[in-house]
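Now for the letters of each chain:
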Amino acid sequence: KDAIIIQIKDEVLIPLLTTSLPSAKEFRDAIKSLSPEQSQFAKSLRAMQLDSSVFGLCVIQVKPQMEALLDLPPNSLTKEIQLTQDLLSLFVEHQIPPSLVSYDGDMDATPNEKVTAVKQHVKGVLEVIDGMKEKQYQDETKKADLQQSINKANQFK
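Quick caveat: nothing in here was measured; it's all calculated off a predicted structure.

Colleague: When you look at the pattern of salt bridges in this model, what are you seeing that I'm missing?
Modeller: Any two side chains of opposite charge can pair, so long as their charged atoms come close to each other. Enumeration according to the criterion identifies 4 salt bridges in this entry. A salt bridge links Lys135 to Asp139; its shortest N-O distance comes to 3.0 Å. A residue pair is termed a helical-turn pair when its members lie 3 or 4 positions apart in one helix, as Lys135 and Asp139 do in helix α5 (residues 111-155) at 4 residues. Judged by relative accessible area, Asp139 falls into the partly exposed class, the value being 30%. Glu140 serves as the salt-bridge partner of Lys143, at 3.8 Å between the closest nitrogen and oxygen. One end of the pair, Lys143, and the other, Glu140, are both in helix α5, 3 residues apart, so they sit about a helical turn from each other. You can call Lys143 exposed: its relative accessible area is 54%. Taking the relative accessible area as the measure of exposure, Glu140 reaches 42% and is therefore partly exposed.

Take a look at the structure:
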């Protein structure tokens, strides 16, 4: 029902091993400095604790799974921080299928050649997304300008 995605240096502290729960005031004080997402997650966790619900935590190492998914050799994304972030954005935010960005060339290619090919695929998809965003922005600007013109015309009637 509730989840939070944590990546890179994000942190969430969850008191899993405590037997007593903080009072409502202590809880409010503890979460007031959290981001909205972390605050919502903490509230959901507290609600489950108060309901005596079962809570599960799963940590998934994403890079090894991404490398396998993209047909890249192990550890090839280790130093590719921007590429990894772009891939996560494409998969999580834009729901892009992995087949659009995975390596599809000669399997005997060097790891660098494979990563470079994936980078080119990612760059192409990001360019398409940026183009769509720009077109959407232009369309919205035209709509706003048209609405403003209509409003001005109606003022003079």
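Colleague: Explanation requested: the side chain of Asp86 in the structure shown.
Modeller: Within the secondary structure, Asp86 sits in helix α4 (residues 81-92). Of the buried charged residues, Asp86 lacks a salt bridge, with Lys119 as the closest side chain of opposite charge at 9.2 Å. Apart from the residues lying within four places of it in its own chain, the contact partners of Asp86 are Val122 and Leu126.

Colleague: Even after reading the chapter, I still don't get unusual backbone geometry, so can you show me in this structure?
Modeller: Trans peptide bonds make up the majority, and among non-glycine residues the majority have a negative phi. Notably, Asp71 is not glycine yet its phi reads approximately 60 degrees, a positive angle. Structurally, Asp71 can be placed in the loop between α3 (62-69) and α4. Even without being a glycine, Asn75 presents a positive backbone phi close to 65 degrees. Structurally, the position occupied by Asn75 is in the loop between α3 and α4. Taking relative accessible area as the criterion, Asn75 reaches 60% and is therefore assigned exposed.

Cut-offs used in this document
- Residues numbered from 1 in each chain as written.
- Predicted model: local features only at pLDDT ≥ 70, side-chain atom pairs only at ≥ 80, totals over all residues.
- Heavy atoms only, no water.
- Salt bridge = Lys/Arg side-chain N within 4 Å of Asp/Glu carboxyl O.
- Helix = DSSP H or I, 4+ residues; strand = E, 2+ residues; numbered from the N terminus.
- Buried < 20%, exposed > 50% of the residue type's maximum accessible area, 1.4 Å probe, protein only.
- Lys, Arg positive; Asp, Glu negative; His and termini not counted.
- Contact = heavy atoms within 4.5 Å.

Everything listed here is a matter of coordinates, which is why it stays silent on function.
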